[in-house]
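Read off the chains here:
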Amino acid sequence: MVRFQGVAMRYANGPEVLRDVTFHLEAGSYHFLTGPSGAGKSSLLRLMYLSHCASRGTVKVFGHDIETTPRRLLPGLRRRIGVVFQDFRLLDHLSARDNVALSLRIAGIKEDVIRAHVAELLSWVGLGDRLDATPSTLSDGEKQRVAIARAVIGRPSLLIADEPTGSIDEIQGMRILRLFEELNRIGTTVVVATHDQRLIARFNHRVLRLQDGQFTVEGRGP
Amino acid sequence: MARRPYDLPFAQDGSGRFLPWIIALMVYLAALASIAALATREAVSRWNAGLEGTATVEIAPALDSAGTDAAVAAAVALLRATPGVATVAVVPADEIARLLEPWLGPDAARSGLPLPRLIDLTFAPRARVDFAALGGTLVSAVPSARLDTHSQWLDRLQALGQSVQIAALAIVLLIAIAAGATVVFATRSGLAVHRELIELMHLIGSRDSYIAQQFQSHALSLALRGGALGVALGAGTVGALAVVSRPIQGALLPDLSLGASSIVALAALPLIAGAIALVTARITVLRALRKMP
Ligand SMILES: Nc1ncnc2c1ncn2[C@@H]1O[C@H](COP(=O)(O)OP(=O)(O)O)[C@@H](O)[C@H]1O
Ligand SMILES: [Mg+2]
C-alpha cells in the first residue's frame, strides 16, 4: 500500500527534516505516527499524501513510484487517499455540504448522487442539522468532522489524519478515533499522526516513531 | 434553485472586480470602430451602386450654340450606335445652368454665355465596354467631347472606404489583444490569490481542467457582463449621434442609423469578448498549473 525506502526530505534548500526513513504499510493496517513536535510527522505525511516529493529514496504509493509517476496520473492516486489536515483546510465560503461534496465534484460524480451521499455521511458524523452552515459558524469539533467527512466520502483506501485530536477535547477525540477504527474494519488503511502518548496507549496499533532523528517501527498490532 | 457558488471564492478577491469595467470600455470602443466601418461600407456601396454602369460625356462649348448643338448631335449619334450603351440622355441646357448657378449667377442660361453640355450614359448590365477605346473614338469624331466614367472618383472612394475599414479592423484587433492581456493578468492574480485553495484541490484529487473550468466560467461571466454594458453604451452613443446628425445628413455623411448588419455586429461583440475571456483564462490557468506539484 505505502512503501518508504531510505527516504529523506527537505523543504526547498533547507536542512533535511527526515532522514533514512524505511517502512511498509500493508493494506488494511492501522498505524499511529508519533514523535515530539517538530520531529517531522507532518512532513512524512506530506510525502505520503503526495503533496511533496522525497529528496532521496523512494516513496511508493499503491505500487507507484511517485518520483517517476507522470503528473497526469496523480489526481487518480490522490482520489484514493483521504486526508484530514491538521488545520482542517475547509473552504470558508462554502457550506459544510459543499465542502464535503467537493471531493466528489472534482471526480465528476452526478449532482443527485452527491446530494444524497453527502447528507447521509454528514448525518452519520452528527452534523445532519448543520448541512448549510459555513465553517466560520462551526465549532472546532464540528469543523473536524466536516474535514473527516470530506476525507472519507470518496471511500479512500488510504486514510491519513494529521493530529486529528489536536484541537478538540478528549471525548470528541475518542469519538473520532473510534470512527477511524470502524473505517479500518471495513478495509481502509489508516495512518494517524499524534504526539499524544496516552491516546496511543489506549489502542493496540503499530507505531511509527520519529525521535532524535531516528525512525523506528514498534508494536505488533492486531 | 440558486446557482451553486464557485468552489474558489472569486467573490472575495479584488482581482476580478475591475475586469467587467475594462471589458465594458473595450467593447464600447470596439463597437464604435465596428459601426464606423459598417457605415462607411454601406455609404461606399450606395455611391457605387448609384454611379456604376454610368458615364457622362462632356461637350466643350463651341464658338456659337449651333456649333455646340451639332457636336452634341454627332456625339449622341455615335453613342447610340455603340454596342453596350443602353441609354443616351442629353442633359437639358437649363438644368446645366441650374447646376452652374452658384458660380455663374441666376441668369447664366439667358446671358448667352457659352455653356458646356452634358450627355448622361448608362450601359447595359453586363456589357463589357472598353472605355479607353470609346473615349478615343469619341474624341476623333467629336474633338470637343470628353468621356468621364467616374472611375477615378469611384476608385478614390473605394480606397478611402477600404482604409477606414482596415483601420477599424486593426483597432478591433488591438482591442481584442488588449482584452486578452487583461484577462491574463486578472487570471494570474486570481491564481496567486487562491494558490492555497488550488493546492488543496489538487491534494484531494482535482485535475487541472476542473480548476481551469472554475476560472474560465468566472472570466466568461465577468466578460459577458462587461460586454453587455459596453455594447449598450456604444448603441446609445451611435443612436445619439444619428439623432444629432440627421439635419445635416446629405449624400456625403454615412447613414448612422443601425442597420441589420450593425445590430448583428454589436450583438456579437459581448459574445466575442466572452469567448476571448474564456479561452484566455483557460490557457493561462492550465499553463500555470502545469508548474505546480
Ligand atoms: N513548509 C515548511 N517549510 C519549511 N520548513 C518546514 C515546513 N514545514 C515544516 N518545516 C520544518 O520541518 C521540521 C518538521 O516539521 P513537521 O513535519 O511539521 O513536524 P511535526 O509535524 O512532527 O511537528 C520542522 O523543523 C519544521 O520547522
Ligand atoms: Mg505536524
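Predicted, not measured: the structure shown is a model, and the values here were computed from it.

Parameters at a glance
Residues numbered from 1 in each chain as written. Chains lettered and ligands numbered in written order. Predicted model: local features only at pLDDT ≥ 70, side-chain atom pairs only at ≥ 80, totals over all residues. Heavy atoms only, no water. Pairing = 2+ DSSP bridges. Helix = DSSP H or I, 4+ residues; strand = E, 2+ residues; numbered from the N terminus. Axes fitted to C-alpha atoms, helices over the stretch in contact; angles between N-to-C directions. Contact = heavy atoms within 4.5 Å. Buried < 20%, exposed > 50% of the residue type's maximum accessible area, 1.4 Å probe, protein only. Patch = residues over 30% accessible without salt bridge, like charges linked within 9 Å, V, L, I, M, F, W, Y side chains within 5 Å. Areas by Shrake-Rupley, 256 points an atom, 1.4 Å probe, with all protein chains shown as cover. Salt bridge = Lys/Arg side-chain N within 4 Å of Asp/Glu carboxyl O. Lys, Arg positive; Asp, Glu negative; His and termini not counted. Charge placed at Lys NZ, Arg CZ, Asp CG, Glu CD. Buried area = accessible area lost by both parts, 1.4 Å probe. Polar contact = N/O pair within 3.5 Å; in protein donor to acceptor, adjacent residues only side chain to side chain.

## Quick word on the sheet that holds strand S3 (residues 117-123) of chain B
All names here are of chain B. Reading across the sheet, the four strands line up as S2-S3-S1-S4 and stay open at both edges, with antiparallel pairing between neighbours. Only two strands of the sheet have a single partner each, and these edge strands are strand S2 (85-90) and strand S4 (145-148). In this sheet, neighbouring strand axes are inclined to one another by 20° on average, regardless of whether the strands run parallel or antiparallel. Those strands touched by helix H2 (residues 65-80) are strand S1 (54-59), S2 and S3, and its axis lies near 5° from that of S3. Against the sheet, helix H4 (residues 131-141) makes contact with S1, S3 and S4, and its axis sits at roughly 165° relative to S4, the strand it touches most.

## Section: the side chain of histidine 194 of chain B
Residues and elements named next belong to chain B. Assignment of secondary structure puts histidine 194 in the loop between helix H5 (151-193) and helix H6 (195-203). Here histidine 194 falls in the buried class, since its relative accessible area comes to 4%. Once residues lying within four places of it in the same chain are set aside, the contact partners of histidine 194 are Leu8, Pro9, Phe10 and Asp13.

## Quick word on a positive patch on the surface
On the surface, a cluster of positive charge is contributed by Arg188, Arg287, Arg290 and Lys291 of chain B. If you trace the backbone, arginine 188 of chain B turns up in helix H5.

## What about the interface of chain A and chain B?
Contacts between the two partners involve 20 residues from chain A and, on the opposite side, 24 residues from chain B. Roughly 2000 Å² of surface becomes buried between chain A and chain B when both sides are summed, with 57% attributable to carbon and sulfur atoms. In this structure, the connection of chain A to chain B is made through two salt bridges. A salt bridge links arginine 89 of chain A to glutamate 199 of chain B, with the shortest nitrogen-to-oxygen separation between them at 3.7 Å. The tally of links from chain A across to chain B stands at six residue pairs in polar contact (both at pLDDT 80 or more). Counting only elements with at least two residues in the side of chain A that touches chain B, the list comes to helix H2 (74-79) and helix H3 (96-105) of chain A. At four residues, the largest contribution of residues to the side of chain A that touches chain B is made by H3 of chain A.

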